[in-house]
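Okay, here's what each chain looks like letter by letter:
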Amino acid sequence: MTANPPEHTGRRDLDPHLARYAARTAGMTASEIRALFAVASRPEVVSLAGGMPNLAALPLDSLSSQVGEIIAEDGLVALQYGSAQGVPVLREQICEVMAMEGINAHSDDVVVTVGSQMGLDMVTRLFCDPGDVVLAEGPSYVGALGSFAAYQAKVVHVVMDDQGLVPEALREALAAAERAGQRVKFLYTIPNFHNPAGVTLAVERRAEILAICRAHGVLVVEDNPYGLLGFDGQTYPALRSLDPDNVVYLGSFSKTFASGLRVGWVLAPHAVREKLVLAAESATLCPPSLNQMIVSRYLATHDWKGQIKTFRENYRERRDAMLSALEQHLPSGCSWTNPDGGFYVWVTVPEGVDTKAMLPRAVTARVAYASGTGFYADGFGSRQMRLSYCYPTPERIKEGVRRLAAVLESEMDLVRTFGNVSMRAIPGPETPSPDTA
Ligand SMILES: Cc1ncc(COP(=O)(O)O)c(C=O)c1O
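Residues numbered from 1 in each chain as written. Predicted model: local features only at pLDDT ≥ 70, side-chain atom pairs only at ≥ 80, totals over all residues.

With an unreviewed UniProt entry as reference, the protein is termed DNA-binding transcriptional MocR family regulator, source organism Amycolatopsis thermoflava. UniProt lists a comment for the protein under the heading Subunit (unreviewed entry), and it reads "Homodimer." (UniProt positions renumbered as here; feature names shortened; annotations may be inferred.)

If you want it as structure tokens, here you go:
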């Protein structure tokens, strides 16, 4: 008897392995952003959706000769397994990087990770049992929400305003969780140049937020990949610098050097660090030796602070293009944040417009954005969208916003005529033609 050939339908309900998956996989769904990536990366579409750093300013020639030198001089180390905690000299250099935001750390307490995304995964793995509560800003970083979902943690969002997380809202969230008998494990926060909200936690609020968490016995997980990308070169005191014993700090070279190297780190209170090393070991044995050595040599031999300044200037130019285009083109009733660093603007559209429902029409009009619901664990965010200015040129950004504004205008017309349009299938314009803009 011949076996039936396997069916590759791609449909979840026909997945023959469905009954085998662990319960925790129920929370693992493709993020809206990832689902969009394939379409949004077509050349004719101006993508304001992704968060890819603009690497064009990197000194590729000298980097390539340095990679060659590392292999020629130290190849047997660079291509070998290394320590689970990471290359010691790099951990020391990481302490120098963190000192720029006021952190006084010992390299023993640093664990190198495969991007800070791995740090997020490990921290959640260490602290969260199914049903435990994680407090996070609303909106929050989509990759963090993915990690929390993968460990079946329940996310409770805490409101932000243009000064970042609102301390009173944090108090209320903690009190509500206590009344409901829930165990809050940590506050996950992105204090600087927030992804996706584009706001920064006011310096005056920092000590207060730390004190609230301490009083409630809640750890703080500070995620800070953008902290050195303030457009005026400004930095803010890291939460970790203000309360070293109650903050786990996540850092990354993805936005200040090269995201593809996947080198990030966790700085943790000493006891937590030991557990983190064990968790890291079970995930990857050790982070990639060669990539760590590339980062280490780059920090030792390049003017890396000058390079960050160049990145900041590029991003500032793009931010300016984005904000002036929003001002010029977006219909009245829209509002947006005003980032002074980082990659993102968070836009709120008029009532009745659903950014998720509008997205296919925007892509048809050759512009993509990330709709707001992906940044909430509770379905909120349908009137919001994240626009990234990090990657496209200023001209493309302007063109993208012009296209987006036209889509929004016609969406608002429909709302005025028919009410909420989110449930209706509305055919978009014709298939995109090659982008000549
Ligand atoms: C807030 C935040 N945390 C973590 C990450 C993950 O960064 P990495 O490339 O270091 O894994 C990102 C990437 O966009 C981010 O925006």
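Let us keep going from here.
K.L.:
Would you mind going over the overall build of the protein with me for this structure?
P.N.:
Secondary structure summary: the protein contains 14 helices and 14 strands in total. By the compact-globule yardstick of 22 Å for 437 residues, the protein fits well, its C-alpha radius of gyration being 23 Å. Taking the principal axes of the C-alpha coordinates as reference, the protein spans close to 75 × 65 × 55 Å. Residue burial in the protein is summarised as follows: out of 437 residues, 44% are buried. At a minimum sequence separation of 6, the contacts of the protein that also span at least 24 residues come to 77%. (Helix = DSSP H or I, 4+ residues; strand = E, 2+ residues; numbered from the N terminus. Rg over C-alpha atoms; globule rule 2.2 N^0.38 Å. Buried ≥ 20, exposed ≤ 12 C-beta atoms within 10 Å, placed from the backbone. Contact = placed C-beta atoms within 7 Å.)

K.L.:
Please explain the sheet that holds strand β14 (residues 384-388) as it appears in this structure.
P.N.:
Across a sheet, paired strands are connected by hydrogen bonds in the backbone, their directions being either parallel or antiparallel. Reading across the sheet, the four strands line up as β10-β11-β14-β13 and stay open at both edges, with antiparallel pairing between neighbours. Looking at which strands have only one partner, the edges of the open sheet turn out to be β10 (335-336) and β13 (370-371). In terms of strand pairing, strand β11 (residues 344-348) meets β14 through five bridges, oriented antiparallel. Across the sheet, residue valine 347 finds its bridge partner in β14, namely methionine 385. (Pairing = 2+ DSSP bridges.)

K.L.:
Please clarify how the UniProt feature "domain: Aminotransferase class I/classII large" (unreviewed entry) in the protein should be interpreted in this entry.
P.N.:
Mapped onto the present numbering, the UniProt feature "domain: Aminotransferase class I/classII large" (unreviewed entry) falls at residues 74-404. Annotated as residues 74-404, this span is 45% helix and 17% strand, and its ends, taken at the C-alpha atoms, are 51 Å apart.

K.L.:
Please explain the sheet that holds strand β7 (residues 219-223) as it appears in this structure.
P.N.:
Spatial strand order, β2-β9-β8-β7-β6-β3-β4-β5: eight strands in an open sheet with mixed pairing. The strands lining the two open edges of the sheet, one partner per strand, are β2 (110-113) and β5 (164-165). Pairing of strand β8 (residues 247-252) with strand β9 (residues 264-267) involves four bridges; the strand directions are antiparallel. Within β9, the residue paired with serine 252 across the bridge is glycine 264. Sheet strands in contact with helix α10 (residues 270-284) are β2, β8 and β9, and its direction is about 25° off that of β2. (Axes fitted to C-alpha atoms, helices over the stretch in contact; angles between N-to-C directions.)

K.L.:
What exactly am I supposed to notice about the pairing of β14 here?
P.N.:
Every regular strand shows the same layout, with side chains that alternate between the two sheet faces. Summarising burial for β14: five of the five residues are buried, a large majority. Residues Gln384, Arg386 and Ser388 of β14 are buried on one face, and the alternating residues Met385 and Leu387, pointing to the opposite face, are buried as well. Examined bridge by bridge, β13 and β14 share two bridges and lie antiparallel to one another. Note on β14: the bridge partner recorded for alanine 370 is arginine 386.

K.L.:
I tried to follow the pairing of strand β4 (residues 154-161) on my own but got confused; where do I start?
P.N.:
Note that strand β3 (residues 133-138) and β4 share six bridges and pair parallel. Bridging across to β4, leucine 135 finds its partner in valine 156. In terms of handedness, the path from β3 via helix α5 (residues 142-150) over to β4 forms a crossover that is right-handed. In terms of strand pairing, β4 meets β5 through two bridges, oriented antiparallel. Opposite methionine 160, over in β5, you have leucine 165 as the bridge partner. The hairpin turn running from β4 into β5, its antiparallel successor, is two residues long. (Right-handed = clockwise from strand over helix to strand, strands pointing away.)

K.L.:
Can you help me understand the site of the ligand in this one?
P.N.:
Near the ligand there are 14 residues, and of these Gly115, Ser116, Gln117, Ser252 and Ser254 occur at the shortest range. The dominant element in the shell around the ligand, judged by the number of residues it contributes, is helix α4 (residues 115-127), at three residues. Residues of the shell around the ligand, tallied by class, amount to three nonpolar, ten polar and one charged. (Near = placed C-beta within 6 Å. Nonpolar A, V, L, I, M, F, W, Y, C, P; charged D, E, K, R; others polar.)

K.L.:
Looking at this structure, I do not really get the packing of helix α2 (residues 60-78) against helix α11 (residues 289-301). What am I missing?
P.N.:
Axis angle and axis distance: for two packed helices, these are the angle between their axes and the distance between the axes, and together they describe the pair. Contact geometry of α2 with α11 gives a least axis separation of 10 Å together with a crossing angle of 130°. Classified by the angle their axes make, α2 and α11 are oblique. Note on packing geometry: the crossing formed by α2 with α11 is right-handed. The segment α2 lies against α11, with Gln66, Val67, Ile70, Asp74, Val77 and Ala78 engaging Ser289, Leu290, Met293, Ile294 and Arg297. Looking at the contact of α2 with α11, its residues break down into seven nonpolar, two polar and two charged. (Parallel < 35°, antiparallel > 145°, perpendicular 65-115°, else oblique. Left-handed = near helix turned anticlockwise from the far one by under 90°.)

K.L.:
Before we go on, may I ask you to explain the nonpolar core in this structure?
P.N.:
Side chains of nonpolar character tend, in soluble globular proteins, to be buried together. Counting residues in each nonpolar core, the largest one holds 112 residues, and the members touching the most others are Leu135, Val266 and Ala362. When residues of this core are sorted by domain, at least three fall in each of domain 1 (21-57 + 307-424) and domain 2 (60-301). For valine 266, the residues in contact, after removing those within four places along its chain, are Val111, Thr113, Gly119, Met122, Val123, Val248, Tyr249, Leu250 and Leu276. (Core = buried A, V, L, I, M, F, W, Y, C linked by C-beta atoms within 7 Å. Domains from an automatic or database assignment.)

K.L.:
Help me understand α4, please; the structure alone is not making it clear to me.
P.N.:
Along its 13 residues, α4 runs 19 Å from first to last C-alpha, staying within 8% of the 18 Å computed at 1.5 Å per residue. By the criterion of burial, α4 is predominantly enclosed, with ten of the 13 residues buried. Among all positions of α4, only Gly115, Ser116, Gln117, Met118, Gly119, Leu120, Asp121, Met122, Val123 and Thr124 are buried. (Expected span 1.5 Å × (residues − 1).)

K.L.:
How should I be thinking about the domain arrangement of the protein in this particular structure?
P.N.:
Size of an interface, as often reported, equals the accessible area lost when the parts are brought together. Each assigned domain of the protein is listed with its residue range as follows: domain 1 (21-57 + 307-424) and domain 2 (60-301). A separation of 25 Å is found between the C-alpha centroids of domain 1 and domain 2. Listed as interface residues are 35 residues of domain 1 and, on the opposing side, 33 residues of domain 2. Contributing elements (two or more residues each) for the side of domain 1 that touches domain 2: α12 (304-329), β11 and β14. Per-element tally for the side of domain 1 that touches domain 2: the top contributor is α12, with seven residues. Partitioning the side of domain 1 that touches domain 2 into residue classes produces 17 nonpolar, ten polar and eight charged.

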